[in-house]
Every structure is written in C-alpha cells, then in structure tokens.
Amino acid sequence: MEKTIYKKIKEFKKIIIARHIGADPDALGSSIGLREIIKETFPKKEVYAIGTTSSKFKYMGNVDKIKEEDFYDALLIVLDTPDLKRIDGIKDISKYKYVIKIDHHPAIDEFGDISWVDDTESSVCQMIIELVYSTRLKINKYAAERLFMGLVSDTNRFLFYYTTKKTMSLVSKLINDTGIDFTNLYDDLYARPLSEIRLQGYMYQNLIVTENGLGYLKITDEIIKKFEVDPASSGNLVNNFNNINEVLVWVTFSEDTKQNQIRVNARSRGPVINKVLERYNGGGHKFASGARLKDFEMMKDLVKDLDELCKEYKKNNK
Ligand code: AMP
C-alpha cells in the first residue's frame, strides 16, 4: 500500500492535501507534515495543504489557499476524513484526476482510487510516519515536529487504547532520526488560557452523572460568555474527564450561536459510542465521537440513548 502511494506521489507534479473540517492537530499535523515531506523529497513539485486556517492551532503551521478549478489535474490526498461531506475545501472529489484516502477512522464513505484506512492506527500522523519509513520519502525536522504533535494529541499523550508497540517504536525512530526537541512542543499543545481552565472547573462542578455512568453537561451561550471562552472550548477539555470512576461515557453540548448549532463532544472508556452519534448527524471513533445538533431539543434523546448504552454495557461487563 505505502509503495503504491509513493509511486503516485512521485508521478504527479501537482498535489493537493485535504483534511476534515474543524481541523485538529492530527488533521493539521498530517496534512502540513506530508506537504513538507513531499517538498523535501521532490523540491520541484507543487504541493498544497488546504482547508480553513485555524487560529487556535496556528503553531501547527500555515495552510494554503488554492482555486480548486486550477487543480483538477492534480493528485488529491484526503487525510483523516471518513466521509465526503466533511472534507474541508473540496467540493467534488470526482473532478480530480486521482484520489488517495488515508484515514484511521472507521470507514463511512468508500472513496479514493487508493484507500488506506486502518482504524487500529492511533492517528493519521502515525500513518504518515509509516509511509515515510516504508518508502523513499525524506523527512525534515519541521515535518517531524508536526507529525509528533498530531500523534501526541490524538493519543492524548499515549493514553488511548490505540497507542501500540508500533506507535512507540515509530515515535522513537522519528525522534532519533530528526532530533526533535519533543518536550518543548508540549507547551504549544497543552498551555491553556486561564478562562478555559476556569470553564473546566465549572464543567467538573456541574457534570450530571447518571446511575448508569453517563456524564453530561449543557453549556449554554450564557455560560460561554460568562467564562469568556468560545463554543469550541469545552471540546478542548473533554479529554480531561477520562479517569472518573463513576463515569463510563461523557458528553458535552455547547451552544454555538454563530453557527446556529449545538456542538457535541463525546468520549467513552468502554461502550462503543460512534454508532449512536452517527444517528445524530455525527460520528467518529469507537471511543471519541462528535456531532452537530440543530438545537438543545435533541439533547434529551441523545442523552437517553447514551445512557441506555451505558446500562447495557454495565449489564454485560459486570
Ligand atoms: P471531537 O469531539 O470534535 O474532538 O471529535 C471526536 C471525533 O469525532 C473526531 O474523530 C471527529 O472526526 C469526529 N467527529 C466530530 N464531529 C463530528 C461530526 N459532526 N460528524 C462526524 N464525525 C465527527
């Protein structure tokens, strides 16, 4: 698989790298990292990592603006995106000459002339490191840092279950080969404004926990304003609720008045939640999913379904 992908990269002069909307460090790290890797290996190629700029993750690097119509003869590589509707900046993939999909989410839409999808991989950044080490692609320090940050972020500092022996040995090789100063990178990844830490305190205090082990919390626009944060803030904090004895699944509902929707961030340390979230215009990984709801009305139903899931899980896992 990796060799075939390398051959296609070698073959095309113009390459576009896309990833999902609402980019996170794995999406940004893999797309920007791969752009730098291809440029390092083939300096004459035109390579662009596209998608909306993220001011929150600006330390991950800059993204490129392109006029799509000028690139239909290019190779399009879609990273970290299981479904067509969530590809950022690409209207219709069928217009492109050749498409490669590389992803670690459970598949939703089958697409791509080549599709390398493996949900046992910790992150797409890990897959890009593998791609480098199984081909003649060259990596530099800047790209290695991006990939390291994306991988660390998606595994929640090597905590999540899909952190494997392979993850550790690839990271170790990456550090050895490129000499990245990895402890310094944590500042960017984990420093938070005080306002967000105060919101975290509010979330800990107000999380509602059911008998079955579902923790949930509604974060209204009023709360967001009171804490001087934004609708994405609770999503940045949701991983910090991972080790609560009484909580198996936890979910936050944040009001986003600008987008006129409710952002849902859900996590689990047992029950598989993505199938439930898929029924609510969302999806994701087995234990880390998200969704967008029209209003708080639907929250009740989702809470009920997740609570039921916890109950079932507890019954079967005494
Ligand atoms: P988040 O809670 O935003 O960090 O998202 C956790 C996981 O769920 C990520 O893998 C996302 O790709 C996925 N996800 C988040 N929101 C959605 C959505 N609206 N539709 C499908 N998948 C989503």
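Within every chain, residues take consecutive numbers counted from 1 along the sequence as written. Reporting of local features is limited, given that this is a predicted model, to residues whose pLDDT is at least 70; pairs of side-chain atoms are given and counted only at 80 or more, and all residues count toward the totals for whole chains, interfaces and linings. Only hydrogens and water are set aside; all other atoms, that is, all heavy atoms of the structure, feed into the side-chain values.

Caption draft 1: Focus on the pattern of salt bridges. We define a salt bridge as a contact between a side-chain nitrogen of Lys or Arg and a carboxyl oxygen of Asp or Glu at a distance within 4 Å. Summed over the entire model, instances satisfying the criterion amount to 19 salt bridges. The partner of Lys85 in a salt bridge is Asp83, with the nearest N and O atoms 3.2 Å apart. The class of Lys85 is exposed, set by a relative accessible area of 60%. The network of salt bridges with shared partners includes Arg35, Glu36 and Asp64. Whether a residue is buried, partly exposed or exposed follows from its accessible area with a 1.4 Å probe, protein chains only, as a fraction of its type maximum: under 20%, in between, or over 50%, in that order.

Caption draft 2: Local environment of the site of the ligand. Proximity criterion: a residue is near a molecule or strand once any of its heavy atoms comes within 4 Å of it. For the ligand, the set of nearby residues contains 14 residues, the closest of which are His105, Asn265, Arg267, His285 and Gly290. Whenever two N or O atoms come within 3.5 Å, that pair is a polar contact, provided that in protein one can donate a hydrogen and the other can accept it, and provided that, for residues adjacent in sequence, both atoms are side-chain atoms. The contact in question runs from an oxygen atom of the ligand to an N or O atom on the side chain of His105, over 2.9 Å. Measuring from an oxygen atom of the ligand, one finds a side-chain N or O atom of His285 at 3.3 Å. To be clear on the numbers: accessible area is Shrake-Rupley with a 1.4 Å probe, and residue cover counts the displayed protein chains and nothing else. Protein chains bury 84% of the 480 Å² of accessible surface belonging to the ligand in isolation.

Caption draft 3: Region of the structure containing the environment of His20. Each helix is a run of H or I in the DSSP string that is no shorter than four residues. Each strand is a run of E no shorter than two, and both are numbered from the N terminus. Position of His20 relative to the elements: it lies in the loop between strand S1 (14-18) and helix H2 (25-41). Look at His20 and you get buried, because its relative accessible area is 6%. Sequence separation of His20 and Tyr96 is 76 residues, and the distance between their C-alpha atoms is 17 Å. We call two residues in contact when some of their heavy atoms are within 4.5 Å. Ignoring anything within four residues of it in the chain, the contact list for His20 reads Ala27, Leu79, Asp80, Thr81, Arg86 and Asp88. Side chain to side chain, His20 and Asp24 meet in a polar contact 3.4 Å long. A polar contact is formed between the side chain of His20 and the side chain of Asp80, at a distance of 3.1 Å.

Caption draft 4: Quick peek at the sheet that holds strand S3 (residues 75-79). We call two strands paired when DSSP finds no fewer than two bridges between them. Here we have 5 strands laid out as an open sheet, ordered S2-S1-S3-S4-S5, and parallel in their pairing. Both edges of this open sheet fall to strand S2 (46-49) and strand S5 (114-117), since each of them pairs with a single strand only. Taking each pair of neighbouring strands and ignoring which way they run, the sheet shows an average axis angle of 15°. In this structure, S1 lies alongside S2, joined through 4 bridges in parallel fashion. Residue Ile16 lies in a different strand from S2, and its bridge partner there is Tyr48. As a rule, the C-alpha atoms of each element are fitted with a line to give its axis, helices using only the stretch in contact, and angles between N-to-C directions run from 0 to 180 degrees. Taken strand by strand, helix H1 (residues 2-11) contacts S1, S3, strand S4 (98-103) and S5, and its axis lies near 135° from that of S5. On top of the sheet, H2 reaches S1, S2 and S3; it is set at about 170° to S2, its chief contact.

Caption draft 5: Highlighting the packing of aromatic side chains. Ring geometry is summarised as follows: Phe, Tyr and Trp rings, the Trp one being its six-membered ring, pair when their centres sit within 6.5 Å, and such pairs are stacked at plane angles under 30 degrees, edge-to-face over 60 and tilted between the two. On inspection of all chains with the given rule, the structure shows 13 aromatic pairs. Residues Phe57 and Tyr59 carry aromatic rings whose centres are separated by 6.2 Å and whose planes lie at 90° to one another, so their mutual orientation is edge-to-face. The burial state of Phe57 is the same as that of Tyr59; both residues are buried. On the basis of an interplanar angle of 75° and a centroid distance of 4.8 Å, the ring pair of Tyr161 and Phe287 is categorised as edge-to-face. Of the two residues, Tyr161 is situated in the loop between helix H4 (141-154) and helix H5 (165-178) and Phe287 in the loop between strand S10 (282-284) and strand S11 (288-293); the sequence distance between them amounts to 126 residues.

Caption draft 6: Quick peek at the nonpolar core. Throughout this description, the term nonpolar core refers to a set of buried Ala, Val, Leu, Ile, Met, Phe, Trp, Tyr and Cys residues connected via side-chain atoms within 4.5 Å. Ile15, Ile77, Ile102 and Ile128 are the most contacted members of the largest nonpolar core, which has 49 residues in total. With residues near it in sequence (within four places) discarded, Ile102 still touches Ile5, Ile77, Val78, Leu79, Asp80, Trp116, Val124, Met127 and Ile128. Grouped together as the second largest cluster of nonpolar side chains are 21 residues, Phe253, Val276, Phe296 and Val303 included.

Caption draft 7: A look at the side chain of Asp26. Mapped onto the fold, Asp26 is located in helix H2. Positive charges come from Lys and Arg, negative ones from Asp and Glu, while His and the chain ends are left out of the count. Although buried, Asp26 forms no salt bridge, and the nearest oppositely charged side chain, Arg19, lies 11 Å from it. At 3.5 Å, the side chain of Asp26 forms a polar contact with the side chain of His104. Side-chain polar atoms of Asp26 contact the backbone nitrogen of Cys125, separated by 2.9 Å. Beyond its immediate sequence surroundings of up to four residues, Asp26 is in contact with Asp80, His104, Ser123, Val124, Cys125, Gly150 and Asp154.

Caption draft 8: Geometry of the domain arrangement of the protein. The split of the chain into domains comes from an automatic or database domain assignment. Domains assigned within the protein are domain 1 (2-190) and domain 2 (195-316). Computed over C-alpha atoms only, the centres of domain 1 and domain 2 are separated by 27 Å. Each partner contributes to the interface: domain 1 provides 10 residues, whereas domain 2 provides 11 residues. Values labelled buried area give the accessible surface lost by two parts on being combined, using a 1.4 Å probe and summing over both. Regarding the contact of domain 1 and domain 2, the summed buried area is about 950 Å², with carbon and sulfur atoms giving 55% of it. In terms of surface lost to domain 2, no three residues of domain 1 exceed Lys56, Pro106 and Tyr161, which account for 40% of the buried area on that side.

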